[in-house]
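Single-letter residue listing:
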Amino acid sequence: MEQLKNKILSEGRVLGDQVLKVDSFLNHRIDPALMSAIGDTFAALFAEEGVTQVLTLESSGIAPAMMTALRLRVPLIFARKRKSLTLKDDMWTEKAYSFTKQEESEVSVSRQFLHPADRVLIVDDFLANGQAALALARIVAQAGATVAGIGIVIEKSFQSGRATLLEAGFRVESLARVASLSEGRVTFAE
Ligand code: 5GP
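Residues numbered from 1 in each chain as written. Predicted model: local features only at pLDDT ≥ 70, side-chain atom pairs only at ≥ 80, totals over all residues. Heavy atoms only, no water.

**Q** So what's going on with unusual backbone geometry? Residues and values would help.
**A** Here Glu58 and Ser59 are connected by a cis peptide whose omega angle stands at -5 degrees. One can find Ser59 in the loop between strand 3 (53-57) and helix 3 (62-72). Of note, the phi angle at Gln102 is positive, near 55 degrees, even though the residue is not glycine. Counting through the fold element by element, Gln102 comes out in the loop between strand 5 (91-98) and strand 6 (103-110). (Helix = DSSP H or I, 4+ residues; strand = E, 2+ residues; numbered from the N terminus.)

**Q** Got a sec to walk through helix 3? Specific residues and values, please.
**A** Those residues of helix 3 that sit buried are Ala63, Pro64, Ala65, Met67, Thr68, Ala69 and Leu72. Those residues of helix 3 that are buried are in contact with helix 2 (32-45), strand 3, strand 4 (76-79), strand 7 (119-127) and strand 8 (146-156). (Buried < 20%, exposed > 50% of the residue type's maximum accessible area, 1.4 Å probe, protein only. Contact = heavy atoms within 4.5 Å.)

**Q** Could you give an account of the site of the ligand, naming the residues involved and the relevant values?
**A** In the region of the ligand, 16 residues are neighbours, and Leu20, Asp124, Asn129, Gly130 and Ala132 sit closest. One nitrogen or oxygen atom from the main chain of Ala128 is found 2.8 Å from an oxygen atom belonging to the ligand. Its free accessible area being 500 Å², the ligand has 89% of it covered by the protein chains. When atoms are counted within 2 Å of each cavity's grid points, the one that captures over half of the ligand is the largest pocket. A total of four residues in the shell around the ligand trace back to one element, the largest contributor, which is strand 7. Tallied by class, the residues present in the shell around the ligand amount to seven nonpolar, six polar and three charged. (Near = heavy atom within 4 Å. Polar contact = N/O pair within 3.5 Å; in protein donor to acceptor, adjacent residues only side chain to side chain. Areas by Shrake-Rupley, 256 points an atom, 1.4 Å probe, with all protein chains shown as cover. 1 Å grid on protein atoms, 1.4 Å probe; cavity = no way out; pocket = protein on both sides within 12 Å on 5 of 7 lines; lining within 4 Å. Sits in = over half its atoms within 2 Å of the grid points. Nonpolar A, V, L, I, M, F, W, Y, C, P; charged D, E, K, R; others polar.)

**Q** Which residues make up the UniProt feature "binding site: 5-phospho-alpha-D-ribose 1-diphosphate" (unreviewed entry) in the chain, and what values go with them?
**A** UniProt's feature table lists "binding site: 5-phospho-alpha-D-ribose 1-diphosphate" (unreviewed entry) at Ala128, Asn129, Gly130, Gln131 and Ala132, given in the numbering used throughout. Checking the named residues against the largest pocket, the ones that line it are Ala128, Asn129, Gly130, Gln131 and Ala132. Here Ala128 is to be found in the loop between strand 7 and helix 4 (131-142). Ala128 gets classed as buried once you look at its relative accessible area, which sits at 9%. Discounting residues that sit within four places of it in the chain, Ala128 has contacts with Phe99, Lys156, Gln159, Ser160 and Gly161. (UniProt positions renumbered as here; feature names shortened; annotations may be inferred.)

**Q** Break down the environment of Arg111 for me, citing the residues and quoting the values.
**A** Relative to the elements of secondary structure, Arg111 occurs in the loop between strand 6 and strand 7. Put simply, Arg111 and Trp92 are 19 residues apart on the chain and 6.0 Å apart in space, counted from C-alpha to C-alpha. In this structure Arg111 touches Asp89, Asp90, Met91 and Trp92, once residues within four positions along its chain are discounted.

**Q** Explain the packing of aromatic side chains residue by residue, including any values.
**A** For the coordinates displayed, the defined rule picks out one aromatic pair. Each ring, one from Phe42 and one from Phe46, has its centre 6.4 Å from the other, and the planes form 40 degrees; the classification is tilted. We note that Phe42, like Phe46, is buried. A cation over an aromatic ring shows up here: Lys5 above the ring of Phe188, its NZ or CZ 5.5 Å from the ring centre. Directly above the aromatic system of Trp92 lies the positively charged group of Arg111, at a separation of 4.2 Å from the ring centroid. (Phe/Tyr/Trp six-rings, centres within 6.5 Å; stacked < 30°, edge-to-face > 60°. Lys NZ or Arg CZ within 6 Å of the ring centre and 35° of its normal.)

Right under this line is the structure:
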């Protein structure tokens, strides 16, 4: 997606050679027009998949996932990163190792909102090693529902996430594929 790649080139900041900061339009301040275009693109890519719900992880996945859900005319669920102890029994919960925080956290979704008939589109802001998306996919499986696909805004193609998700049998669509962040520069895969 050219508009997204141009935004990454003009505003993205590279930390080390592994992390891309996009605080000016996705992870802190949000560019609504860009999120709207992202929603259009994901909705077109997954139009034939019979999506009944979009699922993301709080908080940075919410903006692109919200626009996607709006275009697909389905609800958006965001998994919570800390389960509410009082509602413990009512939640599907999975552990996910966080690439950016370098620690394991729990992600939860209320059992009320996912059902066996659901075809769930997972959307996230970044794909690194695939642990966040896999945890969401396991929650979908716990509910007896089906993963209709995985939509990623920015994939870091030099990390293992894409291969892991493809091996697990999922369709993965990424709007920008970053081949390298070495020497402080962003290089795209195609
Ligand atoms: P994974 O679970 O695929 O290893 O990592 C994806 C998750 O980690 C995303 O939900 C995202 O929040 C975070 N993440 C991974 N790499 C980056 C990065 O380079 N920049 C930012 N801002 N977040 C990242």
